[in-house]
Amino acid sequence: MASYHHGDLRRAVLDAALELIGRDGPGGLSMRDLARRAGVSHAAPAHHFKDKAGLLTAIAVEGHELLAASLAGPPGDSPDLRELGVRYVRFALAQPAHFEVMFRPDLYHRDAPELLAARQRTDGLLQAGMSGLPRGSRGGDEELARLAVWSLAHGFATLWRGDNVARIAGDRDPAQIFRAIAGLAFTGGPA
C-alpha cells in the first residue's frame, strides 16, 4: 500500500477507485478500502465525496467530461455520425471503469448539477452528429434516431468489452468493425 503524504487526496482516491472498478466492478468498492489504499484515515475520502454515491458521481462526471472531449476531438473537427460512434467505442475501451459507472444511475446521485451539465454536453455532441445521418434513416423522429445510434455504439462497446464478439471479430480493429456495422444499420450497406 502506498501511503498518501501530500498532493491531491481527491485525485488519489478517484484513481484508486478507478483501478478497483476496472478490476472488480463498482460493487466491490468501499470507502474504507480506498482510504486504506491511500494511507489516510477512513474518514478522509468522505471529506471530498461524502459517501460512496458521491464518489461514484464524481467518476460519472469525469467520465462524461472525458467522453465529451473524445467526441469533440481537436478544435474545428466536425466528425460525421459514424466517426462519433467510433470515438464512443474507443472511449469505452480506453476508460472501462468510467464507462462501467457512467450509465448506472443506481450507483450515483443522478440529479447532481455537475453530472447533469456533463451529460448535457455529451448529449449535445451526439445530437450535433445527427446532421450526418441520412434523412431516410431517421424515420422522422430525431429522438428515436439518436437513441438508435447511441444504442448501436453503446451495445457494440459493451459487447466488445465483455469479450462477446471475439469469435466474430477475430483480430480486426473495433473501430473498423463499428464503421461497417454502422454502415449496415444506417445506410443499408457496408461502410
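Residues numbered from 1 in each chain as written. Predicted model: local features only at pLDDT ≥ 70, side-chain atom pairs only at ≥ 80, totals over all residues. Heavy atoms only, no water.

Draft legend 1. Layout of the packing of aromatic side chains. The full count for this structure, using the stated rule, is six aromatic pairs. Ring geometry for Phe 156 against Trp 160: centres 5.7 Å apart, planes inclined by 45 degrees, an arrangement best described as tilted. Taken as a pair, Phe 156 and Trp 160 lie in helix 8 (residues 142–161) at a separation of four residues, close to a single helical turn. Judged by its relative accessible area of 9%, Phe 156 is buried. Aromatic side chains Phe 156 and Phe 178 sit 5.8 Å apart centroid to centroid with 50 degrees between the ring planes, which places their arrangement in the tilted category. Taken together, the residues span a long stretch of sequence, with Phe 156 in helix 8 and Phe 178 in helix 10 (residues 174–187) at a distance of 22 residues. Relative accessible area serves as the criterion here: at 2%, Phe 178 is assigned to the buried category. What links up through ring pairs into an aromatic cluster is the set Tyr 88, Phe 99, Phe 103 and Trp 150. (Phe/Tyr/Trp six-rings, centres within 6.5 Å; stacked < 30°, edge-to-face > 60°. Helix = DSSP H or I, 4+ residues; strand = E, 2+ residues; numbered from the N terminus. Buried < 20%, exposed > 50% of the residue type's maximum accessible area, 1.4 Å probe, protein only.)

Draft legend 2. Region of interest: the pattern of salt bridges. In this structure the tally under the stated criterion is 10 salt bridges. For Arg 87, the salt bridge identified is with Glu 83, shortest N-O distance 3.9 Å. Of this pair, Arg 87 and Glu 83 are both found in helix 5 (residues 81–94), four residues apart, which corresponds to roughly one turn of the helix. Members of the salt-bridge network, linked through shared partners, are Asp 77, Glu 83, Arg 87 and Arg 179. (Salt bridge = Lys/Arg side-chain N within 4 Å of Asp/Glu carboxyl O.)

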